[in-house]
Every structure is written in structure tokens, then in C-alpha cells.
Amino acid sequence: MKGQVVATNESNPASLGANPGLSSTPGYGSRDLFTETPFVRKKKRTEYLVEAIFFLMTLLMVVPLIFIVCYLFYRAAPALSIDFLFSAPTSGMRGGGIWPALLGTLYLVILSLLVSAPIGVLAAVYLNEYARDNWLTRIINLAVVNLAGVPSIVHALFGVGAFVLFARMGRSILAASLTLAIMTLPVIIAATKEALSAVPMAFREACWNVGASRWQTIRGIVLPNSISGILTGIILQVSRAAGETAPIMFTGAVFYKAISEGDIFAYGLFDQCMALSMHLFTISTQVPNVPEAIPYATAVVLLGTVLLVNMLAIVFRVYLRSRKKW
Amino acid sequence: MSLRHRLDTVTEPIIERIIQLCGISAIVFVFGIFFFVFREGSDLLFRGFDLVEFLTSPQWYPDSVGHKRYGALALIAGTTSVTLLAMAIAVPFGLGAAIFISEFCSPKLRETFKIVIELLAAIPSVVWGFIGLTLMNELIITLFDAPIGLTVLNGGVILALMSVPVIVSIGEDSLKAVPDSYREAAEALGATRWQIIYRVLLPAAKNGLLAAVLLGIARGIGETMAVLMATGHAVKIPHSVLDSVRTLTATIAAELGEAPVHSDHYQVLFLIGVLLFTISFFINLAADLIIKGIGRK
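Note that the structure is predicted; figures quoted are calculated from it, not measured.

### Focus: the overall build of chain B
Check the secondary structure of chain B and you find twelve helices and two strands. In sequence order, the secondary structure elements of chain B are arranged as α-α-β-β-α-α-α-α-α-α-α-α-α-α. Seen through its principal axes, chain B has C-alpha atoms that stretch 70 × 70 × 35 Å. Counting over 297 residues, chain B shows a buried share of 46%. Restricting the contact set of chain B to residue pairs at least 6 apart, pairs at least 24 apart contribute 74%.

### Describing the overall build of chain A
A count of helical and extended segments in chain A gives twelve helices and two strands. When the helices and strands of chain A are placed in sequence order, the string is α-α-α-β-β-α-α-α-α-α-α-α-α-α. Looking at chain A as a whole, 44% of its 326 residues are labelled buried.

### Quick look at the interface of chain A and chain B
Across the contact, 66 residues belong to chain A and 66 residues belong to chain B. Mapped onto the side of chain A that touches chain B, the elements with two or more residues apiece are α2 (38-76), α4 (99-130), α5 (135-149), α6 (152-166), α9 (214-243), α10 (246-249), α11 (276-286) and α12 (293-322) of chain A. With 16 residues, the top contributor of residues to the side of chain A that touches chain B is α2 of chain A. Along the lines of polarity and charge, the residues of the side of chain A that touches chain B split into 48 nonpolar, 14 polar and four charged.

### Focus on the domain arrangement of chain B
All names here are of chain B. Taken domain by domain, chain B comprises domain 1 (3-48) and domain 2 (73-296). Averaged C-alpha coordinates put domain 1 and domain 2 at centres separated by 32 Å. Listed per partner, the contact involves nine residues of domain 1 and eight residues of domain 2. Classifying every residue of the side of domain 1 that touches domain 2 gives six nonpolar, one polar and two charged.

### Quick look at the domain arrangement of chain A
Residues and elements named next belong to chain A. Here chain A is partitioned into domain 1 (9-76) and domain 2 (82-322). Averaged C-alpha coordinates put domain 1 and domain 2 at centres separated by 46 Å. Listed per partner, the contact involves five residues of domain 1 and six residues of domain 2. Partitioning the side of domain 1 that touches domain 2 into residue classes produces four nonpolar, no polar and one charged.

### Description of the nonpolar core
Judged by nonpolar contacts, the single largest core of 182 residues is most densely connected at A299 of chain A together with I158 and I167 of chain B. It is α4 of chain A that provides the largest number of residues to this core, a total of 17 residues.

### Here we look at α4 of chain A
With 32 residues, α4 of chain A should cover 46 Å at 1.5 Å per step; its first-to-last C-alpha distance of 45 Å lies within 8% of that length. Of all the bends found along α4 of chain A, the most pronounced is centred on S116 of chain A and spans about 30°, while P118 of chain A, a proline, follows it within four residues.

### Focus: the packing of α2 of chain A against α12 of chain A
All names here are of chain A. Orientation of α2 relative to α12, taken along the N-to-C sense of each, is 135°, at an axis distance of 8 Å. Our classification of the angle between α2 and α12 gives oblique. Between α2 and α12 the crossing geometry is left-handed. Only A293, Y296, A297, A299, V300 and L303 of α12 make contact with α2, whose side of the interface consists of V69, L72, F73, R75 and A76. In terms of residue class, the contact of α2 with α12 is built from ten nonpolar, no polar and one charged.

### A look at the environment of V199 of chain A
All names here are of chain A. On the secondary structure map, V199 appears in the loop between α7 (173-197) and α8 (201-209). Taking the C-alpha atoms as reference points, V199 and L85, separated by 114 residues in sequence, lie 42 Å from one another. In contact with V199, other than residues within four places in its own chain, are V222, N225 and S226.

### Details of the environment of Y126 of chain A
Mapped onto the elements of the fold, Y126 of chain A is located in helix α4. As for Y126 of chain A and K193 of chain A, which are separated by 67 residues in sequence, their C-alpha atoms are 9.3 Å apart. When sequence neighbours within four positions are dropped, the list of residues in contact with Y126 of chain A reads A131 of chain A together with I19, Q20, C22 and G23 of chain B.

### Some details on the confidence of the model for chain B
For chain B, mean pLDDT is 89; residues scoring 70 or higher make up 98% of the total. On the interface metric, ipTM, the complex scores 0.91, and its pTM is 0.87.

### Here we look at unusual backbone geometry
All names here are of chain B. Of note, the phi angle at D145 is positive, near 55°, even though the residue is not glycine. Among the structural elements, D145 can be located in the loop between α5 (125-144) and α6 (152-176). By the C-beta count within 10 Å, which is 8 here, D145 ends up exposed. You will see that H233, though not glycine, has its phi angle at about 50°, which is positive.

### Side note on the packing of α9 of chain A against α12 of chain A
For any two helices packed against each other, one specifies the inter-axial angle together with the distance between the axes. Residue and element names in this part refer to chain A. Their axes nearest at 9 Å, the elements α9 and α12 cross at an angle of 170°. Judged on the interaxial angle alone, α12 and α9 are roughly antiparallel. Contact residues: S228, L231, T232, I235, L236, V238, S239, A242 and G243 in α9; L302, T305, V306, V309, N310, L312, A313, F316, R317 and L320 in α12. Residues of the contact of α9 with α12, tallied by class, amount to twelve nonpolar, six polar and one charged.

What counts, and at which threshold
- Residues numbered from 1 in each chain as written.
- Chains lettered and ligands numbered in written order.
- Predicted model: local features only at pLDDT ≥ 70, side-chain atom pairs only at ≥ 80, totals over all residues.
- Helix = DSSP H or I, 4+ residues; strand = E, 2+ residues; numbered from the N terminus.
- Buried ≥ 20, exposed ≤ 12 C-beta atoms within 10 Å, placed from the backbone.
- Contact = placed C-beta atoms within 7 Å.
- Nonpolar A, V, L, I, M, F, W, Y, C, P; charged D, E, K, R; others polar.
- Domains from an automatic or database assignment.
- Core = buried A, V, L, I, M, F, W, Y, C linked by C-beta atoms within 7 Å.
- Expected span 1.5 Å × (residues − 1).
- Bend = angle between axes of the 7 residues up to and from the residue.
- Axes fitted to C-alpha atoms, helices over the stretch in contact; angles between N-to-C directions.
- Parallel < 35°, antiparallel > 145°, perpendicular 65-115°, else oblique.
- Left-handed = near helix turned anticlockwise from the far one by under 90°.
- pLDDT = per-residue confidence, 0-100.

Printed below as a string of C-alpha cells:
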């Protein structure tokens, strides 16, 4: 607290406008006890300044999101249409639509979900309901954290080594979905754990007291009461799996595959497939002379899908919180 | 005993066993990842692969016929330069945003910002890469009059935007973990908000903030598609932010498709994978220990 309140108002031009009634009376002693001293004013000014700086920093993070979405939409507009979604690429990926890629992504997402949702939910049930606080639990938690942190390209290498080569699945939808499933497992585990731990302990105790076993309690009370939180986690898994490129690049996704139009069962389990994310990578880096709007439109479809799915999860969560009974 | 009851006594131990197995699966997967990635590359390692050359030589000529060289130094330099630049941008902004969101925001505004951050984190990396390839590329060419916009700068900015959400959400968590009594005590002494942040909150939350930065770094090192598309494929040690580079991750993504299965080149790429796995493992371990340290207090 340096130079405490010796300065008069005159030495502080910024204060003149702030409090005209008092600024005419010089000196400190003559003042009302509760008026601002220059020191307080200076303090307030730094406060506003600091708040403004931090606000700008936050804003600089928000602005790119909005800008990027708008920019992509603007450039994609000429190519976007319903037909673009539901027709196959033509003339060496330089025209047509993205239907095979869209369908491929759908296959990969659903299949990876079928694997990771049960394992992830049950793993979270174990961690939250059964595990005691011992070294095993600590190691499992650490493994989950690490699984989430493994670079996506290392997941790809793992998929190649374990599924494509070791398990002899070859490059296939199956291998790619399994790779995606393991990669997205931590998303489901984390969300489910949070949902389970939000169920009050008293619910479980009440259930145990009437003679229910642990599993009966989980089945009858804990899971029904946390189902919406679990679903949120599953939705987030879907968004994550739909957007990933690296893990499927070498395990099952291909640049181009012709499928019969209008057939939603066009891909088999051991087929290779196209995928939206892979398609965007391909047409923006590997294929020359693609009309400008097509990669933008693909990016918009991919980004739009992912953001919509995420927003669904957010809306779901807000709705959930609003009707929570405890 | 009803039939249902009897059935339950039979099925329950089985179900509980399955649940336990699923719980342990996470450990199995992490070990599995290391095992299978190492297994594909280990053959070369046991045939006397020159690890010193791998880590210190900048000569990366995997396709050359007579003069094959597997020196990853230029790739390591690529990863380091892009990650460092990204952190130089993302750490101040990320921590600044975390402070604003946890200390200055009204609850409603806070919710809005958190949603925006969540959406920012959800943007797929290939879309970021596409933005680097198109928008950022044009921007850098016009702003710096550079011949090509796919540079360290491009990758760094993209990566910064990608790792900011991680830094903000973990940083905000650790600021929220500082007890309110600290803030009240400082306020009672007449401290300004800035003084509270600088003298009280930052020291009290420094472990959590460090963990946030570490996880941001891990994200940067591990990112693949965005840097593959935005940094422009030049295997060389960069001298300025306007040089093109190639990172470790991008090299695997770019070359794995062309390397014949089980060739030396293929195995070296898996060894790079082992290196990446090890780096991310230790960073995550460190961050986790730091965060757990806060929890115990």
C-alpha cells in the first residue's frame, strides 16, 4: 500500500468527471467518510482493467469458433444440397456427393458404440459401485486417464498391430470400429462415473436396508436414476467417434469405394468403407483439382454433425439438471 | 424362495464377475496398446537398430535405395517447435480464460462459456486441419508475404486453438478447488481482485494449473491430422516460424500407408509410435499425480 491517499483530486484528472460534486474540495480530511479516495479509485480502475483483459482473452477463444463455422458455411454454400448428402462421388471425387462416406461413418460409429458402451458403462459401474480404495482401483483409474491421453495415431498403430494383423481381420470396418471403440472408451467411462456418483448414497442405503443385494440395487435403483447421464456420455462418444480420422486411416477406411445407391446395408463387416472424416482429408489433400466448394461442404457436414450431436448432449444435460428431484 | 430369487443367486456372481472384468479392461487395453505397438517395431530394435542415430540424426531418408537413414531429430524438432509455439499462445489465453470464467463470470455467463468451450473441444481434428490448409494458409501468405502458409506458425495457431479447451477446463477446475475462505480472507484485507488472483489464487492453484498446461502439451504432441495438414511436410529442423516442418505423428500418418508391412521403414514408424506412447504416458502420469496431490490436501 504505497503512497497512501496523499494525492489530491487535482493530480488525478481521470477522477474529475467521476464525482464532480466532491472534486472541488481539495484534500482528504474535508471529505465525507464514504467517498472514494484516489487510492480506491485507482484500485477500481485496475480492477476493471484486469477484468477487461481476462474477458478479452476469453472472447478470443469464443470468436474463432463462431468465425470458423460461419466461414465454412459461407464457402460451402454453393455445393450444399440434399442431393449432395445422398449421392455418390463422381468423376474421380471431383463431383457428386458424399453418401458412401456418410454411410461408412454411420457404420463405424454404431459398431464402435456397440462395443464401447457396454464395456464402458460396466467399467464405470465397477469403479463407482464395487471398487474399494486400493491399489487396483488406483491403477484402473490411472489406466483410464492414460487411455484418454494416448495419441490417436498410436491408437491407429495399435489397431494395425492387434486387429488388422494379429487378429487377421484385415483392413475392415470391424477392425476400424474396434480401434475407435477402445479410443472412445474413456469418454463413456468418465461420463458414466459422474452420472453414477450423482445418485445419492441414501438411495443405495435404503435399498440395501430392505435386503437387496449389491447388483439388485444397481439394477433397480442406481442405473435407472443415472440413465440420462449415461446417455449423455454415449452421445459424446458418438460425436468423438464420428470425427476421428487417424485411427481409421489404416484400419479400415479407404479413399474410395463404390456402393450401390439407396442400399443402407451396402457395407459388410469385413469390407473396407469410406468415412466422412477420411473423405475430407482425401479430397482436400490427395485429389487435385477438386471444385472448391466440395471440400468445404464436406467439412460443414462433418462439423455440423459433430456439433449437433454435442449440442444434443448439452440440451439433454440441462434438461436433466432442471428436473432432478434430489 | 421364488424361481426369480434362485435365478438371481446363480446369475449375480456371474454378472459381478463380468463387471469386474470390464473394470480391469482399461488396464488390459493400455498394456495391449503398448504391447502390440512395441511388438510390431521390436524386431528391428533387436536386430541392432541404432537408437542413438534415431534420436540424434536429422537425416530421415526412409525411401532412399542406397542410403537409408532413420534419424528422427528433424521430426522431434518439428513436434517440439509446433507444440512450443502452440503453448506460448494457448497457456496465457487458456489460463486467462480459466481465471475469467471462474472468478469474474456470473453463473449464467459461465454456463455459456463452458458450452462454447465444449463445442470448441468437439471440433474434429481433420476439420482443424482443413481450416489450417485453407483459411490459415491464405491468411499467412497475405499477412507475412510468405511463399507458403503451411508452416510452424499455422500448425501452432491451430494446435493452440485445439488445446485451449483442455487448459481452460482443467485450469478452471483447479481454481474452483481453492476454498472460498482464501478469497474472503484476502478481500477482508482490502486486496483488489487482481491482487487476490496474483497473490492468492495462482499460488494456491498452481499445481492444478501446471497439470492443465501439461495436458495441453500432451494434446499438442499427440495431435495428428491437424498438424499433418497444416504444417506442410518438410522434414527439416525449422529456423523460423515461417518454415515448414513435419511432426512425429504426421510422419506416421503420412508414411504408414506406403511402407511395406514388416519392412524396416514400417518398423521404425512403430518405434516412433512407442516413443509417442511413452511421452504421453509420462506426461499423463505426471499430470494425474499432480491433480491427485490437490485432492489429498
